[in-house]
Amino acid sequence: MTVSILEQRRIEAAFAKGLYEEMSAEIGEEKATEILTRAVVKLARQAGATIAKEAPEPSIAHFAASMERWKLDDALRIDVLREDETHFDFNVTRCRYAESYREMGLGKLGAVLSCNRDGAFCEGYDPRMKLERTQTIMSGATHCNFRYTREA
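Calculation notes
- Residues numbered from 1 in each chain as written.
- Predicted model: local features only at pLDDT ≥ 70, side-chain atom pairs only at ≥ 80, totals over all residues.
- Heavy atoms only, no water.
- Salt bridge = Lys/Arg side-chain N within 4 Å of Asp/Glu carboxyl O.
- Buried < 20%, exposed > 50% of the residue type's maximum accessible area, 1.4 Å probe, protein only.
- Axes fitted to C-alpha atoms, helices over the stretch in contact; angles between N-to-C directions.
- Helix = DSSP H or I, 4+ residues; strand = E, 2+ residues; numbered from the N terminus.
- Parallel < 35°, antiparallel > 145°, perpendicular 65-115°, else oblique.
- Left-handed = near helix turned anticlockwise from the far one by under 90°.
- Contact = heavy atoms within 4.5 Å.
- Nonpolar A, V, L, I, M, F, W, Y, C, P; charged D, E, K, R; others polar.
- Core = buried A, V, L, I, M, F, W, Y, C linked by side-chain atoms within 4.5 Å.
- Polar contact = N/O pair within 3.5 Å; in protein donor to acceptor, adjacent residues only side chain to side chain.

### Remarks on the pattern of salt bridges
Working step 1: Counted by the stated rule, this structure contains 15 salt bridges.
Working step 2: Taking the shortest distance from any N to any O, the salt bridge between D84 and R82 comes out at 3.0 Å.
Working step 3: By relative accessible area, which is 32% here, D84 ends up partly exposed.
Working step 4: A relative accessible area of 38% means that R82 is categorised as partly exposed.
Working step 5: Ionic pairing is found between E99 and R94, a salt bridge with its closest N-O pair at 2.9 Å.
Working step 6: Given the relative accessible area of 27%, E99 is considered partly exposed.
Working step 7: Overall, the relative accessible area of 25% leaves R94 in the partly exposed class.

Structure below.
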């Protein structure tokens, strides 16, 4: 049985919620958030490196194709604005990840558990890739604006 990334994130979030609550009670919210953030970033970099190994050489085309995994179960709706050898620009117009975190009472941690992964993931995939994003649905915007660039 294959679990979609959306379902995987729900399972992870339920577990993270319990850990976060216990850490917050012991060491305070700020320190607990720092620890959770570091762990999520580390895991995202590792995941990016794993995806990169599937390609003969990391590229925007392969990176963009890998996005299909995150869209399963209608988890993301995206409008691609530009895709070429050095750019992959798109807007997310619906994010069921954000919806799920809010439903689970994790709206405050949604950015740490999900949005936080994106930049670290692309760095793990290829250190020459950078993400610029100025807004997210998780933070209340109408869409997320992903702008990936890859240095030659």
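Still to come is the rest of the account.
### Thoughts on the packing of helix α1 (residues 5-27) against helix α2 (residues 29-52)
Working step 1: One way to put it is that α1 packs onto α2 with a least axis distance of 7 Å and a crossing angle of 140 degrees. Here α1 lies oblique to α2, going by the angle between them. Judged by the twist between their axes, the crossing of α1 over α2 is right-handed. Where α1 abuts α2, its residues A16, Y20, M23, S24 and I27 lie against E29, K31, A32, T33, I35 and L36.
Working step 2: The class makeup of the residues in the contact of α1 with α2 is 7 nonpolar, 2 polar and 2 charged.

### Some thoughts on the nonpolar core
Working step 1: Within the largest apolar cluster, 43 residues are counted, with the highest numbers of intra-cluster contacts made by V92, Y97 and L113.
Working step 2: Looking at this core element by element, the count peaks at 7 residues for α2.
Working step 3: With residues near it in sequence (within four places) discarded, Y97 still touches I5, L6, R9, W70, A75, L76 and S114.

### Things to note about the environment of Y20
Working step 1: For Y20, the location among the structural elements is in helix α1.
Working step 2: Taking the C-alpha atoms as reference points, Y20 and K31, separated by 11 residues in sequence, lie 9.9 Å from one another.
Working step 3: Apart from the residues within four sequence positions on either side, Y20 is in contact with E29, A32, T33, L36, K108 and L109.
Working step 4: Only 3.1 Å separates the side chain of Y20 from the side chain of T33, close enough to count as a polar contact.

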